[in-house]
Amino acid sequence: MSEFVRLEVKDGVGTIWLERPKMNALNAQMQGELGEIAREADARDDIAAVVVYGGERVFAAGADVKEMATLTYAEMVSRAHGIQAFTRELAAIGKPTISAITGFALGGGCEVALATDVRFAADNAKLGQPEILLGIIPGAGGTQRLSRLIGPAKAKDIIFTGRFVNAEEALAIGLVDQLHPADEVYAKAVEWASQFVGGPALALRAAKGAVDRGLEVDLQTGLEIERAEFTGLFATDDRTAGMTSFVENGPGKATFTGS
Ligand code: CAA
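Rules behind the numbers
- Residues numbered from 1 in each chain as written.
- Predicted model: local features only at pLDDT ≥ 70, side-chain atom pairs only at ≥ 80, totals over all residues.
- Heavy atoms only, no water.
- Phe/Tyr/Trp six-rings, centres within 6.5 Å; stacked < 30°, edge-to-face > 60°.
- Helix = DSSP H or I, 4+ residues; strand = E, 2+ residues; numbered from the N terminus.
- Buried < 20%, exposed > 50% of the residue type's maximum accessible area, 1.4 Å probe, protein only.
- Lys NZ or Arg CZ within 6 Å of the ring centre and 35° of its normal.
- Salt bridge = Lys/Arg side-chain N within 4 Å of Asp/Glu carboxyl O.
- Lys, Arg positive; Asp, Glu negative; His and termini not counted.
- Polar contact = N/O pair within 3.5 Å; in protein donor to acceptor, adjacent residues only side chain to side chain.
- Contact = heavy atoms within 4.5 Å.
- Near = heavy atom within 4 Å.
- Areas by Shrake-Rupley, 256 points an atom, 1.4 Å probe, with all protein chains shown as cover.
- Nonpolar A, V, L, I, M, F, W, Y, C, P; charged D, E, K, R; others polar.
- Pairing = 2+ DSSP bridges.
- Axes fitted to C-alpha atoms, helices over the stretch in contact; angles between N-to-C directions.

*Asks:* Looking at this structure, how should I read the packing of aromatic side chains?
*Replies:* A ring pair, where both rings are aromatic, is described by two values, the distance of the centres and the angle of the planes. Per the counting criterion, the structure on display carries 6 aromatic pairs. Consider the rings of Trp17 and Tyr53, whose centres lie 5.1 Å apart with planes at 65 degrees: the pair is edge-to-face. Residue Trp17 is located in strand β2 (residues 13–18), and its partner Tyr53 is located in strand β3 (residues 49–53); the two are separated by 36 residues in the primary sequence. Using a relative accessible area of 4% as the deciding quantity, one classes Tyr53 as buried. For the pair Trp192 and Phe196, a centre-to-centre distance of 5.0 Å together with 70 degrees between the ring planes defines the contact as edge-to-face. Here a set of aromatic residues connected by ring pairs shows up, and it is made of Trp17, Tyr53 and Tyr186. Arg20 extends its terminal NZ or CZ atom over the ring of Phe4, reaching a point 5.1 Å from the ring centre.

Shown next as structure tokens:
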């Protein structure tokens, strides 16, 4: 039973709620719960897409600094895999995922947002990787996912300085994808996620896998990944339904079953 992370499922959309007052600081327990719930969201057939949300006030202010403050080097050596694991498990959800960001998304909180496919932010959002101010660097994927998303120069500026990026700048540099008033950002994210309910789940999973795994390899290998995913979809009922429906009734009218 999770204490700090909750999975709520409504009309095909799963919301992963971050719930650890006051700032959703991600202690080791919460990191483990988040990874476990991400795996559940990936596996459940009643979830077509996932929203990650920290509530109306704050997304997450990062790993729990108070918990980390007394750890020795040797202790961190054995914990560091777990710190990367929860964002890896979020990123591995084979369904469309989106973060709805209000207030602070810092350090591990920003890294949670980076592990989803898309980010909608409230106009009061402040994102950043302030680890450098603690004498460390991002450890939950930030150096890798931020630089892949916004490019190395902008990522280095944010990581080297530890400065906070406001909502307008985050939108301008592609760190977030849309801005909304704070009290609307969750509903907008749910609306985005809802588009995929009743969609061709296997094709969506294949599309996400091809993009994400393709970004990690050279172009030729990426094209091989695409070819394998593309070809594999010809074994699905959804591909038969999609193409038969197109031929008989025109575009966009197919009913998919996710099989
Ligand atoms: N860990 C533990 N506690 C935290 C926290 C964190 N990351 N962020 C905030 N808190 C706590 C504060 O200590 C404070 O607790 P008390 O009320 O018990 O004193 C409470 O939350 C409220 O915080 P503030 O009083 O500081 O509130 P503020 O509005 O003045 O500032 C803030 C908010 C800008 C988020 C500020 O608290 C802050 O800078 N937090 C730390 C952010 C940070 O450094 N994040 C990176 C963590 S390291 C990491 O994430 C590594 C990784 O890659 C995985």
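*Asks:* Which parts of the structure should I look at to understand the pattern of salt bridges?
*Replies:* Once their charged atoms are close, side chains differing in charge can pair, the charge on each being opposite to the other. Under the criterion given, the structure shown has 13 salt bridges. Between Glu8 and Arg6 there is a salt bridge, with its nearest N and O atoms 4.0 Å apart. Across the pair Glu89 and Arg39 runs a salt bridge whose closest N-O atoms are separated by 2.8 Å. Highlighted residues: Glu89 in helix α3 (residues 73–91) and Arg39 in helix α1 (residues 28–43), separated in sequence by 50 residues.

*Asks:* Teacher, can you tell me more about the side chain of Asp238 here?
*Replies:* With respect to the helices and strands, Asp238 occurs in helix α11 (residues 237–249). One buried charged side chain, Asp238, makes no salt bridge at all; its nearest oppositely charged neighbour is Arg239, positioned 10.0 Å away. Polar side-chain contacts of Asp238 include one of 2.8 Å to the backbone nitrogen of Thr257. Setting aside residues no more than four positions away along its own chain, Asp238 makes contact with Gly199, Pro200, Ala201, Phe256, Thr257, Gly258 and Ser259.

*Asks:* I keep staring at the site of the ligand and nothing clicks. Help me out?
*Replies:* Around the ligand lies a shell of 23 residues, among which Lys22, Gly108, Glu111, Glu131 and Gly139 are the nearest. Within the side chain of Lys22, an N or O atom sits 2.4 Å from an oxygen atom of the ligand. Within the contact set of the ligand, an oxygen atom lies 2.9 Å away from a backbone nitrogen or oxygen of Ala63. The fraction of the free accessible surface of the ligand (990 Å²) that becomes covered by protein chains is 65%. Residue contributions to the shell around the ligand peak at 3 residues, all from helix α2 (residues 65–68). Across the shell around the ligand, the residue classes break down as 14 nonpolar, 4 polar and 5 charged.

*Asks:* Explain the sheet that holds strand β1 (residues 5–10) here, please?
*Replies:* Two orientations exist for strands paired in a sheet by backbone hydrogen bonds: parallel and antiparallel. Spatially, 6 strands are ordered β1-β2-β3-β4-β6-β9 in an open sheet, and the strand pairing comes out mixed. If you trace the sheet from one side to the other, it starts and ends with β1 and β9 (178–180), each paired once. Strand-to-strand twist across the sheet, computed as the mean angle between neighbouring axes with direction ignored, equals 20 degrees. Judged from the 3 bridges that link them, strand β6 (residues 118–122) and β9 form a sheet pairing that is parallel. When the sheet's bridge partners are listed, Phe120 is paired in β9 with Gln178. Packing against the sheet, helix α8 (residues 185–194) makes contact with β1, β2, β3, β4 (97–101), β6 and β9, and its axis sits at approximately 170 degrees to β4.

*Asks:* Would you mind showing me how to read the pairing of β1 here?
*Replies:* In the sheet, β1 pairs with β2 via 6 bridges, with the strands oriented antiparallel. Each residue of the ladder has a partner; that of Val9, found in β2, is Gly14. Between the end of β1 and the start of β2, which pair antiparallel, lie 2 residues, with Asp11 showing a positive phi angle near 50 degrees.

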